[in-house]
Amino acid sequence: MDLLANHYLAHITELNRRVADIVSRENLSGLVIHSGQPHRQFLDDMDYPFKVNPHFKAWLPVLDNPHCWLLVNGKDKPQLIFYRPVDFWHKVADVPDNFWSEHIEIKLLTKADKVADLLPKDIGQWAYIGEHLDVAEVLGFKTRNPDAVMSYLHYHRATKTQYELECLRRANEIAVGGHVAAKNAFYNGASEFEIQQAYLTATNQGENEVPYANIVALNRNASILHYTKLEHASPHPRQSFLIDAGANFFGYASDITRTYSFEKNIFSDLIAAMNRAQLELVDLMKSGVKYVDLHIETHKKIGQIMLDFNIATGDVEGLIEQGITNVFFPHGLGHMLGLQVHDMGGFLHDERGTHISAPEAHPFLRCTRTLAVNQVLTIEPGIYIIDSLLEGLKQDKRQTQINWDTIDKLRPFGGIRIEDNVIVHADRNENMTREYGLD
C-alpha cells in the first residue's frame, strides 16, 4: 500500500488539473460525480449486482457503495458525500480510513433522498456526471453529462497516472495467479465450471467482483468469441482450452487470454506460432504508432500463419484483400484498458471528441488512436474455425484457396487467442502479463 499511497496525491492532483481546465472552458462551477444507484430486478425485491460509475472510481477506490457523490472543481479539496445509512438488514460501509481518505473531505449521508442538503446551493452551475439523469433533474442539475466534458475526460483518461499503472500491475498479478490455477485444472481433467471455480478461488474474487464474465471454453467452444455457458461435464476427448479472464484491483481491470492444447499436435504448433506473432506485435508498440496499423500488421501475420500451416493457399496480400483473413480473425487486435475492460476514449482524436472511425474493412476495432506514453492496451490476436463465417467462403471462388482437410483437423480445437496487457513507455513496452510470469 505504501507505493500506492505515494502515488495517490499526484494522481488526484492530475485529475484536479483536468477538472479545472474543462470546467473553466465550459463556465461550470464544478462536477458532481454520482457513484450510482442499485437497479431492482423486474418483479422482485432484489437488486442486480451494483456497478460503480467509472468516473467516480477514477478518484477513489469506493466500488461497492451506491448513493455516494463526489464534488470536484479543480481548486478545492475533493468532497465525498459518503452514504452510510442506519440499516439492520445489510452491512453498512465503514467510514473511509485509508491512504486516500486524508486527501478527501468526507461528509456522511444517512438517507439517500436527503443528498440535496449536502450539495452546493448553486447546483445549476455544476454538471452532473452519472447514469441517473432523472435523479439529476429532480436535484436541479441543468447540465447532465455534457458532451464537451465527457469527451475531454475520456480522451485524457487514456493517459494513466503512476497510481493507475500500479493498480493495473496488481490487477495483472492477481489474474496471472488465476490463469495458472485454471491451466493446471484443465490438464488435471476439470470441466469448464470446475476450471472457473479454480480461477475464482486463486484470485480470491467472486463472479461479481471480476471485471467481466470469464470465458472458459473447452474444445470447439473456443471458437465462440464470447462463450460464457460453462458446461459442468468434462468433455471426451479433451482437446483444447481457451481462457479469457481478468481481475480487479481498486477498480482497475486486467484482461488476459491464453490457449492450451491437451496434447502435442498441429494445434499446439499453431498456438506456438500465434504466441510468437503476438510477442512480435507487442514489440511494434511505441508512442506515435497508429493502432490501426498494428491491426493491419496482425492480418499480415495471420495470413502468413495460414500459409505456413496449409490452412490456405496463395499469398498474404491476396488473403487480406479478399477478406479471407477476416474470416479466421474476425475481431480487433485489442482495446484500451483501465477503469473499464474496454476503456473509453479508444476512438478519440482529440479532447474535443473528434471521432476516428475504424476502416471499412475492419469494422470491429475497439481502438483507432495513435499510441502515446502511459497508455495501456491489450494485444490479442487470434485464429478460429467458425463455421458460420466459413460458410461465406464456400459461396464463391475463395473456397478453392482453403484447405478444407486442414480445417477439419482444426475444427475440434475451436480457436486460439493470446492476450497480454501492455504499458507504452517512452523507451520500452512493459508487458505486465508476461512480467508476472504467464508465458
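Residues numbered from 1 in each chain as written. Predicted model: local features only at pLDDT ≥ 70, side-chain atom pairs only at ≥ 80, totals over all residues. Heavy atoms only, no water.

A.B. asks: It is not clear to me how the overall build of the protein should be interpreted in this structure. Could you clarify?
C.D. replies: Secondary structure assignment for the protein yields 13 helices and 16 strands. For the protein, the C-alpha radius of gyration of 24 Å lies close to 22 Å, the compact-globule estimate for 439 residues. Seen through its C-alpha atoms, the protein measures out along the principal axes to roughly 70 × 45 × 45 Å. Residues classed as buried in the protein amount to 54% of the 439 residues present. (Helix = DSSP H or I, 4+ residues; strand = E, 2+ residues; numbered from the N terminus. Rg over C-alpha atoms; globule rule 2.2 N^0.38 Å. Buried < 20%, exposed > 50% of the residue type's maximum accessible area, 1.4 Å probe, protein only.)

A.B. asks: What am I meant to see in the sheet that holds strand S2 (residues 69-72) here?
C.D. replies: Strand pairing in a sheet relies on backbone hydrogen bonds. The paired strands run either parallel or antiparallel. Pairing within the open sheet is mixed, and its six strands lie in the order S4-S3-S2-S1-S5-S6. Edge positions in the open sheet fall to strand S4 (105-109) and strand S6 (143-144), since each of these has one partner strand only. (Pairing = 2+ DSSP bridges.)

A.B. asks: Teacher, can you tell me more about the sheet that holds strand S12 (residues 376-379) here?
C.D. replies: Pairing in this open sheet of three strands is antiparallel, and the strands run S12-S15-S16 from one edge to the other. Each edge of the open sheet carries a strand with a single partner, namely S12 and strand S16 (429-431). Neighbour-to-neighbour, the strand axes of this sheet turn through a mean angle of 30 degrees, independent of strand direction. Sheet analysis places strand S15 (residues 420-424) next to S16, joined by three bridges and oriented antiparallel. Following the sheet pairing, valine 424 is matched in S16 by asparagine 429. (Axes fitted to C-alpha atoms, helices over the stretch in contact; angles between N-to-C directions.)

A.B. asks: Sorry if this is basic, but what is going on with helix H1 (residues 2-25) here?
C.D. replies: Because the α-helix completes a turn every 3.6 residues, residues three or four places apart line up on one side. If you check H1, its first and last C-alpha atoms are 36 Å apart, about what 24 residues at 1.5 Å a residue would give, namely 34 Å. Roughly 35 degrees is the biggest bend found in H1, and it falls at tyrosine 8. Within H1, burial applies to Leu4, Tyr8, His11, Ile12, Leu15, Asn16, Arg18, Val19, Ile22 and Val23. Downstream of H1 by one or two residues, asparagine 27 has phi in the positive range, about 55 degrees. (Expected span 1.5 Å × (residues − 1). Bend = angle between axes of the 7 residues up to and from the residue.)

A.B. asks: Sorry, what's going on with the packing of helix H5 (residues 162-187) against helix H6 (residues 192-203) here?
C.D. replies: In a pair of packed helices, the angle between the axes and the distance between the axes together describe the arrangement. Here H5 crosses H6 at 150 degrees, and the two axes come no closer than 8 Å. Taken as a pair, H5 and H6 cross one another with a handedness that is right-handed. Contacts between H5 and H6 involve Ile174, Ala175, Gly177, Gly178, His179, Ala181, Ala182, Ala185 and Phe186 on the former and, on the latter, Ile195, Ala198, Tyr199, Ala202 and Thr203. (Left-handed = near helix turned anticlockwise from the far one by under 90°. Contact = heavy atoms within 4.5 Å.)

A.B. asks: Looking at this structure, I do not really get the pairing of S12. What am I missing?
C.D. replies: Note on strand geometry: in a regular strand, side chains alternate between the two faces of the sheet. The alternating pattern of S12 places Val376 and Thr378 and Leu377 and Ile379 on opposite faces, both of which are buried. The pairing of S12 with S15 spans four bridges and is classified as antiparallel. Within S15, the position partnered with valine 376 by the bridge is isoleucine 423.

A.B. asks: What is the right way to look at the pattern of salt bridges in this model?
C.D. replies: Between side chains of opposite charge, pairing is possible as soon as their charged atoms come close. By the definition in use, this model includes 23 salt bridges. The partner of arginine 398 in a salt bridge is aspartate 396, and the shortest N-O contact between them spans 3.0 Å. Exposure remark for arginine 398: the relative accessible area of 17% places this residue in the buried category. Of the residues examined, aspartate 396 reaches a relative accessible area of 30% and is grouped as partly exposed. Across the pair arginine 411 and aspartate 408 runs a salt bridge whose closest N-O atoms are separated by 2.7 Å. Overall, aspartate 408 belongs to the partly exposed group, its relative accessible area being 43%. Ionic contacts of the salt-bridge type, sharing partners, join the residues Glu166, Arg169, Arg170, Arg428 and Glu430 into one network. (Salt bridge = Lys/Arg side-chain N within 4 Å of Asp/Glu carboxyl O.)

A.B. asks: How should I be thinking about the side chain of serine 35 in this particular structure?
C.D. replies: With respect to the helices and strands, serine 35 occurs in the loop between strand S1 (30-34) and helix H2 (54-57). By relative accessible area, serine 35 is classed as buried at 0%. The residues touching serine 35, leaving out its near neighbours within four places in the chain, are Phe50, Lys51, Val52, Asn53, Phe56, Asn65, Pro66, His67 and Cys68.

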